[in-house]
Amino acid sequence: MTRIVAMILTLALLGACGSTGNDGENPLDQEEDGGGDGGDGDGGDDGGDDGGDVDDPIDSDRDLPPGTASPTPNSAIVRYEPQDGDDGGGFARNIRYNSDSDTFEVDNLAFDGDNVYRRGGTAAAQNDVGSLGPFAVYESDVSGVDPETGNVVDNLSYRAIYGVSNSGQTEFAIVRTGSYTDFGFGGFVYQRNSTDRAGNPTQLILPTEGSAGYAGDYAGTRIFGGRSGQEYVTGRASMTIDFEDFNDGQAGVQLFVRDRRLFDLDGNDITDEYVAALQENNPDLIAPRDAQGNVILPNVRPVIAPDNADANGEITQDVFASATQTDGTVVNTAEGQYYAIMSGDGAEEIVGVLVMEGDDPRSDATFQETGGFIVYRR
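Predicted model only: the values in this text are computed from it and were never measured. (Residues numbered from 1 in each chain as written. Predicted model: local features only at pLDDT ≥ 70, side-chain atom pairs only at ≥ 80, totals over all residues. Heavy atoms only, no water.)

Peer 1: How do you make sense of the overall build of the chain when you look at a structure like this?
Peer 2: When you go through the chain residue by residue, the secondary structure sums to 1 helix and 20 strands. In the chain, which comprises 378 residues, the proportion classed as buried is 56%. In the chain, 60% of the contacts between residues at least 6 apart in sequence involve partners at least 24 apart. (Helix = DSSP H or I, 4+ residues; strand = E, 2+ residues; numbered from the N terminus. Buried < 20%, exposed > 50% of the residue type's maximum accessible area, 1.4 Å probe, protein only. Contact = heavy atoms within 4.5 Å.)

Peer 1: Whenever I open this one, the pattern of salt bridges confuses me. Can you help?
Peer 2: Close approach of charged atoms allows side chains with opposite charge to pair. Counted according to the given criterion, the structure contains 9 salt bridges. Residue arginine 79 is joined to glutamate 314 by a salt bridge in which the shortest nitrogen-to-oxygen separation is 2.9 Å. With a gap of 235 residues between them, arginine 79 in strand 1 (residues 77-80) and glutamate 314 in strand 17 (residues 314-324) connect regions that are remote in the sequence. Glutamate 314 gets classed as buried once you look at its relative accessible area, which sits at 1%. Residues glutamate 81 and arginine 176 are paired through a salt bridge, measuring 3.0 Å at the closest nitrogen-oxygen approach. Of this pair, glutamate 81 sits in the loop between strand 1 and strand 2 (93-98) while arginine 176 sits in strand 10 (residues 170-177), and the two are 95 residues apart along the sequence. Neither residue differs from the other here; glutamate 81 and arginine 176 are each classed as buried. Connected through salt bridges with shared partners, the residues Arg227, Glu231, Asp360 and Arg362 form a single ionic network. (Salt bridge = Lys/Arg side-chain N within 4 Å of Asp/Glu carboxyl O.)

Peer 1: Just to check I follow, could you spell out the pairing of strand 20 (residues 366-377) for this structure?
Peer 2: On any regular strand, side chains alternate: one points to one face of the sheet, the next to the other face. The buried fraction of strand 20 is high, at 9 of 12 residues. Where strand 13 (residues 211-225) lies against strand 20, 12 bridges are found, and the strand directions are antiparallel. Note on strand 20: the bridge partner recorded for isoleucine 223 is glutamine 368. Two strands pair when backbone bridges link them, and strand 19 (residues 349-359) and strand 20 are joined in this way by 11 bridges, in the antiparallel orientation. The partner of methionine 356 across the bridge, within strand 20, is glutamate 369. Connecting strand 19 to the next strand, strand 20, in antiparallel fashion are 6 residues. (Pairing = 2+ DSSP bridges.)

Peer 1: Would you take a moment to explain the nonpolar core for this structure?
Peer 2: Met239, Tyr338 and Phe373 are the most contacted members of the largest nonpolar core, which totals 42 residues. Broken down by secondary-structure element, the contributors of at least two residues to this core are strand 13, strand 14 (230-242), strand 15 (252-264), helix 1 (271-281), strand 17, strand 18 (330-345), strand 19 and strand 20. One finds Ile77, Phe188, Tyr232 and Ile374 within the second-largest nonpolar core, a separate group that totals 20 residues. (Core = buried A, V, L, I, M, F, W, Y, C linked by side-chain atoms within 4.5 Å.)

Peer 1: Whenever I open this one, helix 1 confuses me. Can you help?
Peer 2: Since there are 3.6 residues in each turn of an α-helix, residues three or four apart along the chain are aligned in direction. For helix 1, the set of buried residues is Thr271, Tyr274, Val275, Ala277 and Leu278. Burial along helix 1 is one-sided: seen end-on, the buried residues are contained in an arc of 155°. Among the structural elements, strand 13, strand 15, strand 18, strand 19 and strand 20 are those in contact with the buried residues of helix 1. (Arc of directions from axis to C-beta.)

Peer 1: In this structure, what is going on with the confidence of the model for the chain? I would like to understand it.
Peer 2: Interpreting fine coordinate detail is not advised for predicted regions of low pLDDT. Mean pLDDT over the chain stands at 78; residues scoring 70 or higher make up 70%. Across residues 1-61, where pLDDT falls below 50, the model places 181 contacts with residues more than four positions away in sequence or in other chains. (pLDDT = per-residue confidence, 0-100.)

Peer 1: Would you take a moment to explain the environment of serine 140 for this structure?
Peer 2: Within the fold, serine 140 resides in the loop between strand 6 (135-139) and strand 7 (143-145). Taking the C-alpha atoms as reference points, serine 140 and phenylalanine 104, 36 residues apart in sequence, are found 9.2 Å from one another.

Peer 1: Help me out: how do you make sense of the packing of aromatic side chains in this one?
Peer 2: Where two aromatic rings form a pair, the distance of their centres and the angle of their planes describe that pair. Per the stated rule, a full pass over the model turns up 3 aromatic pairs. With a centroid separation of 6.3 Å and 20° between ring planes, the pair formed by phenylalanine 188 and tyrosine 339 is classed as stacked. Here phenylalanine 188 is found in strand 11 (residues 186-192), whereas its partner tyrosine 339 is found in strand 18, with 151 residues between them in sequence. Across the pair, tyrosine 339 and phenylalanine 188 agree in class, each one buried. (Phe/Tyr/Trp six-rings, centres within 6.5 Å; stacked < 30°, edge-to-face > 60°.)

Peer 1: Would you mind going over unusual backbone geometry with me for this structure?
Peer 2: Negative phi characterises most residues that are not glycine, and trans characterises most peptide bonds. A positive phi angle, close to 50°, is found at aspartate 259, a residue other than glycine. Relative to the helices and strands, aspartate 259 resides in strand 15. On the accessibility criterion, aspartate 259 (23% relative accessible area) is partly exposed. Within the chain, alanine 347 stands out as a residue other than glycine whose phi angle is a positive 50°.

In structure tokens, the structure reads:
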């Protein structure tokens, strides 16, 4: 399939997930080189001595997704999925939210109807899933009308997942389709905004000592290489950060995603079916369970390494999903990476996107899971 340019999502806050006080259609209009809010490092206020200097950006040699060219602790930062010519990610463009109609507009995706994505679970929706925990779910039209002939034209099925923090400082969006027998078209974006919900300038002021714990929600979607289909995933996200050596690039960072459950596009829980297939392929595997004894997907764990974070508040880290066998050995069921941004005085919240791939035990296909999370300092 043709692979198109990397995605630049432009979002405003949903009425369903909270509002910054903006009405109607309100894109952020980020440029690929970091234009728009914070792209040149000029966004936000000075933020005090702990927040860094806008005129002296902090360089990072870590492998960050494209977006803001010269990030600082005081600027808005936007990151989006790079173009992937093999797997098809990173080419959805110009997503705009219209609060009057509670819809998204999405450009540059083939066969998604009139480019308008409507909230699931509403009277006009084609599917019942309108939320995954606190995050909203939107769907493209599966059919359109030829303006010349009036004939109905079949389209593909896309889903968009959108999350915004309680303060409005951070947000993410993910667009994927399961209509291809490969990973297909889509993209993701996550960002620290220039202002919060109340219109106050947003910045990051990092603690200089001690550790902090974070907790929040995770939701995402799975698509497949080797077959068509799309599924939803939910879970609980938590992070711990050791701030002692942050400026030396040695800050300890850990992300965990637990109590993960799998759903089909109609919202039916298919976790038991998935884990049963895992055990059929590996009879020594112990079914993961939550505190109530319910079967869950294998937990996501971090790979601990130095230089996972920088003083701009940006984080990257390798992760893996794993389950335990009866002899105590661990089996990895997926591997990947997440990307995140901290925000607030005292690093109050973190937004991020996680991408993992693994073998699907129910078929010969592989899956790609893309999920977003927002966690708050406890």
